[in-house]
Amino acid sequence: MTRVTDWLSTHRHTALAMVIVMLTALLALAAVVSHRATHHQASSPAAPATTEPARPAPSSGHTAPQADPHSKASPLSREDRSALTGSLQWLRSMQPVTAKRTSGQPVISAQDRSQPDLYAAALVRGLLTQDYATPRSNLLAWVQSQAAATAEPSVVGLVPKELRPKLAVASVQEGFDGPGPVPAPGVWDTLAARHGHTTVQIQRVTEPVTWSAALANGQISDPGITAREVDAQVTLHTRQNGHQHTSVTSVALTINLEGPPTRRHYGLVLLVDYTTKPVTSS
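The rules behind these values
Residues numbered from 1 in each chain as written. Predicted model: local features only at pLDDT ≥ 70, side-chain atom pairs only at ≥ 80, totals over all residues. Heavy atoms only, no water. Helix = DSSP H or I, 4+ residues; strand = E, 2+ residues; numbered from the N terminus. Buried < 20%, exposed > 50% of the residue type's maximum accessible area, 1.4 Å probe, protein only. Salt bridge = Lys/Arg side-chain N within 4 Å of Asp/Glu carboxyl O. Axes fitted to C-alpha atoms, helices over the stretch in contact; angles between N-to-C directions. Parallel < 35°, antiparallel > 145°, perpendicular 65-115°, else oblique. Left-handed = near helix turned anticlockwise from the far one by under 90°. Contact = heavy atoms within 4.5 Å. Nonpolar A, V, L, I, M, F, W, Y, C, P; charged D, E, K, R; others polar. Phe/Tyr/Trp six-rings, centres within 6.5 Å; stacked < 30°, edge-to-face > 60°. Expected span 1.5 Å × (residues − 1). Polar contact = N/O pair within 3.5 Å; in protein donor to acceptor, adjacent residues only side chain to side chain. Pairing = 2+ DSSP bridges. Lys, Arg positive; Asp, Glu negative; His and termini not counted.

(A) Molecular detail of the environment of Tyr 132. Structurally, Tyr 132 is set in the loop between α5 (116–128) and α6 (136–145). Here Tyr 132 falls in the buried class, since its relative accessible area comes to 2%. A C-alpha to C-alpha distance of 10.0 Å links Tyr 132 and Thr 238, two positions 106 residues apart in sequence.

Shown next, in the form of structure tokens:
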């Protein structure tokens, strides 16, 4: 989602070189909201590709963003400006989600929360392990319980401060600015009708090389912010007309985390990138 990270280019092919990270916060957010939007044909590992997620309509009472994405001085393309505006409208329209963990939701141990690789693996496992017989809101509330904040301009860009508490939950949802690991409400209900659930195998957790280089070069100002790419296999199990069906999808997620020394334990700032590739179906 963020154009300031070169390491995302391998997934969406739209990110710019990391050297522009300090040019302007506008570029940062524009990439955040356009990165996944330009790849809207991808779907979540569990979501039927025929379902079109709906974007919430903005309220008439919304205030303007901190900067005008339509300004003539903006270095953004028309597509980027449109994506930026749409994502800010989504954030303003989205009702705040109360953080909570319900029965059946994963508990991430203190040890896992203290180390970014372990936390990233546990977080993604919990995010992608979905039981569609349970309310979708339960999963979003769990994500909110993992949310963390940062003021790092290369990550939050032009997202106004009052909207940043919504960013983690918004970023994981299908339709926010493209594909996402949490299916849209209609898709979730369809999968529930098919007695669907997913199982997850985490394959690899890495820190992108260019993120490490940016840190070494002093391009990141927040000492607590970091990034991880998590590769996983997700198996969707469904039952229809008495027959069991499974489909396996290879999933790659890139996430920004905030942790020590800024805060005691790691938390999710936002989902940066989400890509899927079908593996098998039976």
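Next comes the rest of the account.
(B) Seen up close, the pattern of salt bridges. For the coordinates displayed, the defined rule picks out four salt bridges. One salt bridge connects Arg 92 with Glu 162, and the closest N-O pair in it is separated by 3.7 Å. Separated by 70 residues along the polypeptide, Arg 92 in helix α3 (residues 78–93) and Glu 162 in the loop between α7 (153–156) and α8 (167–171) bring together distant segments of the chain. Across the pair Arg 228 and Asp 117 runs a salt bridge, and its minimum N-O distance is 2.5 Å. Of the two residues, Arg 228 is situated in strand β2 (residues 225–240) and Asp 117 in helix α5; the sequence distance between them amounts to 111 residues. Assessed through its relative accessible area of 28%, Asp 117 is described here as partly exposed. Each member of the salt-bridge network shares a partner with another, and the members are Asp 117, Glu 207 and Arg 228.

(C) Representation of the packing of α5 against α6 in the model. Two elements in contact, α5 and α6, have axes whose closest approach is 10 Å; the angle formed by their N-to-C orientations is 165 degrees. Taken together, α5 and α6 sit at an angle that is classed as roughly antiparallel. Our pair here, α5 against α6, has a crossing hand that is left-handed. Contact residues: α5 offers Leu 123, Gly 126 and Leu 127, while α6 offers Leu 139, Trp 142 and Val 143. Here the contact of α5 with α6 is composed, by residue class, of five nonpolar, one polar and no charged.

(D) Up close: the packing of aromatic side chains. Under the counting rule described, the total for this entry stands at two aromatic pairs. Seen from their ring centres, Trp 90 and Phe 176 are 5.8 Å apart, and the 70 degrees between their planes marks the pair as edge-to-face. One end of the pair, Trp 90, is in helix α3; the other, Phe 176, is in the loop between α8 and α9 (185–193), with 86 residues separating them in the sequence. Side by side, Trp 90 and Phe 176 carry an identical accessibility label, which is buried.

(E) How the structure looks around α5. Compared with an ideal rise of 1.5 Å per residue, which puts 13 residues at 18 Å, α5 spans 18 Å between its outermost C-alpha atoms and is within 8% of the ideal. For α5, a buried count of ten out of 13 residues is recorded, marking the element as mostly surrounded by other parts of the structure. Buried within α5 we find Pro 116, Tyr 119, Ala 120, Ala 121, Ala 122, Leu 123, Val 124, Gly 126, Leu 127 and Leu 128. Two or three places before Asp 117, at the opening of α5, Gln 115 has a side-chain oxygen 2.7 Å from that residue's backbone nitrogen.

(F) Structural detail: the sheet that holds strand β1 (residues 197–206). With antiparallel pairing, four strands are arranged side by side in an open sheet as β1-β2-β3-β4. Only two strands of the sheet have a single partner each, and these edge strands are β1 and β4 (267–281). Taking each pair of neighbouring strands and ignoring which way they run, the sheet shows an average axis angle of 25 degrees. The pairing of β1 with β2 spans nine bridges and is antiparallel. Along β2, the bridge assignment pairs Arg 204 with Asp 231. Strands β1, β2, β3 (243–258) and β4 of the sheet are contacted by α5, whose axis makes an angle of about 140 degrees with β3.

(G) Up close: the side chain of Arg 136. Inspection of the secondary structure puts Arg 136 in helix α6. Within the buried core, Arg 136 has no salt-bridge partner, and the shortest N-O distance to an opposite charge, that of Glu 174, equals 7.2 Å. Only 2.7 Å separates the side chain of Arg 136 from the backbone oxygen of Pro 183, close enough to count as a polar contact. Residues contacting Arg 136, with those up to four places away along its chain left out, are Gln 173, Val 182, Pro 183, Ala 184, Pro 185 and Trp 188.

Read these as geometric descriptors, not functional statements.
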